[in-house]
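# A structural walkthrough
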Amino acid sequence: MLSFVDSVIILSALLLLTGVLTTKFSSKFGMPALVLFMAIGMILSRYIYYDNAEITQLVGIFALIVILFQGGMQTDFKEIKPVLGPALSLATLGVLLTTAVVGISATYILDISLEKGLLIGAIVGSTDAAAVFSVMGGLNIKRKITSTLEAESGSNDPMAVFLTVSLIEWIQSPNMTLLGMLLSFVMEMGLGLIVGMLVGLLAVFVINRINFDSSGLYPVMSLGFAIFTYGAAEVVHSSGLLAVYVMALVVGNTELTYRRTILAFNQGFAWMMQIAMFVLLGLLVFPSQLSGIAWEGLILSLLLMFVARPVGVLASLAFAKFDYKEKLMVAWAGLRGAVPIVLATYPIMAGIEGGQMFFNVVFFVVLTSAVIQGTTISPLAVKLNLVENDRPQQPSLLELFALGKAHSEINHIQVNQNMPIAGKEIQDLHLPDDILFTAIIRGDRIITPRGSTVIQQGDTLYVMSPKTKRKQMKAILGLDAQGTKSPK
């Protein structure tokens with residue numbers, strides 16, 4: 001007979017393995033993995049009774065910190081800078097309009113007060129970073145659209161959190177003024193931005209100067225800084241999620257020791273946290289209760305997809321340089337996911353009457369949104385002719401611990417037909433003595449680089465160079481002309 005501890009360990013292992021294997025199905029059908037993770041939780045809820053919203057909220061916040069940190073580090077600020085205005089407009093005005101449309105609709109559909117209706121609207125008002133990063137990252141949709149959606153999803157969570165918390169306080173204390181809420185919002189966002197930038201600069205300074213005996217400690221330190229950012233922001237009553245995303249942008253867009261190691265660790269850890277979070281969220285739902293709000297939830301979900309989100313996008317992008325096809329794509333790709341469901345635990349924790357019903361409605365809205373929109377984004381992009389061909393791949397680093405101590409790095413570069421080095425002999429590139437081609441992979445062969453070796457389209461180059469000459473190496477190989485990001 002297994003003990004309780006042994007049972008929990010075995011069940012956790014099975015959940016992790018099942019969660020990882022289900023990602024194969026999600027990528028095959030273009031469906032966000034969160035749907036399958038939540039389905040696992042809902043199936044388990046028939047055999048395991050779980051109703052602890054506090055633990056679910058705690059796990060959810062930790063998961064969001066890791067997801068936002070990972071997403072922010074992978075985001076090139078040079079790519080989102082041109083679309084920063086539209087993205088911030090979507091993250092503020094777009095969320096407000098979505099909240100208003102869904103909230104007023106929920107008031108009549110669910111026969112609840114306006115305050116509670118707006119609360120539901122605020123909870124589902126933001127797009128989800130985990131869903132957007134996972135779905136958009138696997139598609140070759142125009143970079144302008146992808147960058148806008150990624151920047152929006154990383155920056156609109158604080159708006160949704162602020163609206164949710166403020167509306168809960170309004171329900172509990174009707175004497176709150178609109179001016180007070182507005183001033184509170186400006187202060188929270190402003191302080192969150194400052195905290196994120198300061199801790200990000202501190203993290204870069206410490207990570208680049210400390211010398212660990214084990215390279216595995218660098219990602220642990222970076223994650224510690226991300227969690228500290230959230231805590232520090234909350235201590236000064238600012239937006240913790242915004243601070244984490246800004247901190248990750250600072251760290252990800254600065255020269256950083258063992259960047260690839262940090263990213264690889266965070267990517268795996270983010271997946272583990274997603275699996276744990278969505279399974280717990282699925283466990284918190286009782287499938288028998290979903291049938292009671294199925295029609296109401298479906299109507300709200302359709303209103304969100306076909307009315308509220310498009311209204312928010314059209315208003316937010318009214319003066320942006322997006323054509324109607326691009327606006328349609330941005331509207332349809334506004335996936336809902338972890339954030340709305342985590343926020344749906346707030347009314348339960350606050351003891352708001354009907355809190356569990358709120359959670360069930362939000363869960364149903366997120367589930368249907370992810371299934372319908374997630375599986376149709378790729379076909380819609382193809383239909384609208386918004387898919388790019390042969391997007392240049394960014395160079396990445398092959399990091400060796402001993403090499404890092406020597407202040408050198410090996411870049412892994414994919415050659416495409418638009419790069420000026422394609423078709424040239426290595427000796428014609430006039431490489432400095434300290435920039436060397438160490439290997440070329442061509443098809444299933446490894447070629448030893450020689451001066452007479454011709455670089456061909458499709459080759460994978462391994463180039464060793466000092467870290468201080470990274471820009472020079474990119475210029476020689478014509479990477480800057482390709483608009484690629486700095487090595488990761």
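Just so we're clear, the structure is a prediction, and the values are computed from it rather than from any experiment.

A count of helices and strands for the protein chain gives 22 helices and 5 strands. Counting every position in the protein chain, which comprises 488 residues, the buried fraction comes to 52%. By sequence separation, contacts in the protein chain at least 24 residues apart represent 79% of the contacts at least 6 residues apart.

Packed helix pairs are specified by the crossing angle of their axes together with the interaxial distance, meaning the distance between the axes. At a minimum axis distance of 10 Å, the contact between helix H8 (residues 143–155) and helix H16 (residues 324–332) shows a crossing angle of 35 degrees. Here the hand of the crossing between H8 and H16 comes out right-handed. Of the residues in H16, those touching H8 at Lys144, Ile145 and Leu149 are Glu326, Met329 and Val330. Broken down by class, the residue content of the contact of H8 with H16 amounts to 4 nonpolar, no polar and 2 charged.

The subject of this paragraph is the nonpolar core. Nonpolar side chains in soluble globular proteins generally cluster together in the buried interior. Grouped together as the largest cluster of nonpolar side chains are 124 residues, with contacts concentrated most on Met277 and Phe363. Once residues within four sequence positions are removed from consideration, Met277 is found in contact with Val59, Gly60, Ala63, Ile67, Ala338 and Val342. Of all hydrophobic cores here, the second largest spans 16 residues; its members include Ile413, Val415, Ile421 and Val463.

The tally for this structure, following the rule as stated, stands at 7 aromatic pairs. Here Phe265 and Phe269 contribute two aromatic rings whose centre-to-centre distance is 6.0 Å and whose plane-to-plane angle is 10 degrees, an arrangement assigned as stacked. With Phe265 and Phe269 both in helix H13 (residues 259–283), this residue pair falls 4 residues apart, about one helical turn. Judged by relative accessible area, which is 33%, Phe265 ranks as partly exposed.

This part takes up the side chain of Ser222. Note on placement: Ser222 falls in helix H11 (residues 217–235). Assessed through its relative accessible area of 2%, Ser222 is described here as buried. Not counting residues up to four positions away in its chain, the partners in contact with Ser222 are Phe69, Ile207, Met247, Ile262 and Asn266.

To continue, consider a nonpolar patch on the surface. A cluster of nonpolar residues, Leu302, Phe306, Val307, Val311, Val371 and Ile372, forms a patch on the protein surface that exposes about 440 Å² of accessible area. Looking at the nonpolar patch, the elements that each hand over two or more residues are helix H15 (294–316) and helix H19 (355–374). When residues of the nonpolar patch are assigned to their parent elements, the largest contribution, 4 residues, is made by H15. Note on Val307: relative accessible area 34%, which makes it partly exposed.

Glancing now at the packing of helix H5 (residues 84–109) against H15. Packing of H5 against H15 leaves a shortest axis separation of 8 Å and a crossing angle of 145 degrees. The chirality of how H5 crosses H15 is right-handed. Looking at the contact of H5 with H15 residue by residue, the class counts come to 16 nonpolar, 6 polar and 2 charged.

Our focus in this paragraph is helix H9 (residues 157–172). Taking 1.5 Å per residue as the helical rise, H9 with its 16 residues ought to reach 22 Å, and the 23 Å between its terminal C-alpha atoms agrees with that figure. Along H9, the positions that sit buried rather than exposed are Asp157, Pro158, Met159, Ala160, Phe162, Leu163, Thr164, Ser166, Leu167 and Ile168.

For the rest of this paragraph, the subject is the pairing of strand E3 (residues 436–442). In this structure, E3 lies alongside strand E5 (residues 460–466), joined through 5 bridges in antiparallel fashion. Bridge pairing links Leu436 to Met464 in E5. Note: E3 against strand E4 (residues 445–447), 3 bridges, orientation antiparallel. Bridging from a neighbouring strand, Arg442 pairs with Arg445 of E4.

With that settled, consider the pattern of salt bridges. Using the criterion set out here, one finds 5 salt bridges in the structure. Note that Asp459 and Arg442 form a salt bridge whose closest N and O atoms lie 2.7 Å from each other. Here Asp459 is found in the loop between E4 and E5, whereas its partner Arg442 is found in strand E3, with 17 residues between them in sequence. Overall, Asp459 belongs to the buried group, its relative accessible area being 1%. Overlapping salt bridges, with partners in common, bring together Lys142, Lys144 and Glu326 in one network.

The subject of this paragraph is the confidence of the model for the protein chain. The predicted model of the protein chain has a mean per-residue pLDDT of 82, with 90% of residues at 70 or higher. When mean pLDDT is taken per element in the protein chain, H11 scores highest with 94 and helix H21 (residues 401–405) scores lowest with 49. The model gives residues 481–488 a pLDDT under 50, and that stretch makes 36 contacts with residues more than four places away or in other chains.

Basis of the calculations
Residues numbered from 1 in each chain as written. Predicted model: local features only at pLDDT ≥ 70, side-chain atom pairs only at ≥ 80, totals over all residues. Heavy atoms only, no water. Helix = DSSP H or I, 4+ residues; strand = E, 2+ residues; numbered from the N terminus. Buried < 20%, exposed > 50% of the residue type's maximum accessible area, 1.4 Å probe, protein only. Contact = heavy atoms within 4.5 Å. Axes fitted to C-alpha atoms, helices over the stretch in contact; angles between N-to-C directions. Left-handed = near helix turned anticlockwise from the far one by under 90°. Nonpolar A, V, L, I, M, F, W, Y, C, P; charged D, E, K, R; others polar. Core = buried A, V, L, I, M, F, W, Y, C linked by side-chain atoms within 4.5 Å. Phe/Tyr/Trp six-rings, centres within 6.5 Å; stacked < 30°, edge-to-face > 60°. Patch = residues over 30% accessible without salt bridge, like charges linked within 9 Å, V, L, I, M, F, W, Y side chains within 5 Å. Areas by Shrake-Rupley, 256 points an atom, 1.4 Å probe, with all protein chains shown as cover. Salt bridge = Lys/Arg side-chain N within 4 Å of Asp/Glu carboxyl O. Expected span 1.5 Å × (residues − 1). Pairing = 2+ DSSP bridges. pLDDT = per-residue confidence, 0-100.

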